[in-house]
Amino acid sequence: MDRYSFAREAIVRAGKLLYDRLLVASNDGNISARVGNNEILITPTGVSKGFMACEDIVLIDMDGNVLSGGKPSSEYNMHIAVYKNRSDVLACVHAHPPKATAFASSSQSLDSLLLPEAVLALGNVACTEYASPSTHELAKSVASCIGEADVLLLSCHGALTVGKDVMDAYFKMESLEHVASIALYTRLLGNRMPLPDGERERLLDIRRDIYGKQVIKKP
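Quick caveat, the model's predicted, so the values are computed rather than measured. (Residues numbered from 1 in each chain as written. Predicted model: local features only at pLDDT ≥ 70, side-chain atom pairs only at ≥ 80, totals over all residues. Heavy atoms only, no water.)

Caption draft 1: Up close: the overall build of the chain. Assigned secondary structure in the chain consists of seven helices and eight strands. For 219 residues, the compact-globule formula gives about 17 Å, and the C-alpha radius of gyration of the chain, at 17 Å, lands near that figure. Counting only C-alpha atoms, the chain reaches 55 × 35 × 30 Å along its principal axes. For the chain, the residues scored as buried account for 50% of the 219 residues in total. The contacts of the chain with a sequence gap of at least 6 include a subset with a gap of at least 24, amounting to 65%. (Helix = DSSP H or I, 4+ residues; strand = E, 2+ residues; numbered from the N terminus. Rg over C-alpha atoms; globule rule 2.2 N^0.38 Å. Buried < 20%, exposed > 50% of the residue type's maximum accessible area, 1.4 Å probe, protein only. Contact = heavy atoms within 4.5 Å.)

Quick look at the structure:
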């Protein structure tokens, strides 16, 4: 199986998971995978992520030109911005997970130390400035934050996760929504108990040394 076929299958698999787990609705969301120095596979526009086929996936270059397939997601500039600013990233997932998007739409950060697993799974969670969907302004907003986190809350617009492959980026999205759920429950219960001072740095060290995951230190 060549890298194109493998990446296409992974995108289709992740799209179905996003749809089945209610992290997107209707035709929402987009997924991409970098398959070469100048090649990106990306989901098509106007197609439900739960009902894609491998032949639906579009191949574009780093300038957004279509190399094969139909019309790419209108958010292709956002994906290109990530790849141009993070050489280590090979996949992006954009979705509208309801609870995480509620945080993104209320200007409330999820970067609080409520449970160790949040730091181990997600690392930093950054929040972008608002920009209209499908615009170069959104791409610039993402580019300004992607250097400090693998997980972004897009102001009033959902979330973006990146990773070493499609499923890595997908699982970060799933974990983000799980963390957002716990954060909401703790607010309902009251008496929130953040982790001790200094625990964040220790957890980031564990994330790097034991889990073998990249750690991005905040500037």
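Caption draft 2: Focus on the sheet that holds strand β2 (residues 39-42). Reading across the sheet, the eight strands line up as β4-β3-β2-β1-β5-β8-β7-β6 and stay open at both edges, with mixed pairing between neighbours. The sheet terminates laterally at β4 (66-68) and β6 (125-127), the two strands that pair on one side only. Strand-to-strand twist across the sheet, computed as the mean angle between neighbouring axes with direction ignored, equals 25°. Lying on the sheet, helix α1 (residues 3-20) is in contact with β1 (30-36), β2, β3 (58-61), β4 and β5 (91-95); it crosses β1 at an angle near 165°. Contacts between helix α5 (residues 136-145) and the sheet are confined to β6, β7 (151-154) and β8 (158-163), with β7 contributing the most and set at about 140° to the helix. (Pairing = 2+ DSSP bridges. Axes fitted to C-alpha atoms, helices over the stretch in contact; angles between N-to-C directions.)

Caption draft 3: Seen up close, the packing of aromatic side chains. If you walk through the whole model with that rule in mind, you get two aromatic pairs. Here the aromatic rings of Tyr 19 and Phe 51 are separated by 5.4 Å at their centres, their planes lie at 70°, and the arrangement is edge-to-face. Of the two residues, Tyr 19 sits in helix α1 while Phe 51 sits in the loop between β2 and β3, which places them 32 residues apart along the sequence. Here Tyr 19 falls in the partly exposed class, since its relative accessible area comes to 27%. (Phe/Tyr/Trp six-rings, centres within 6.5 Å; stacked < 30°, edge-to-face > 60°.)

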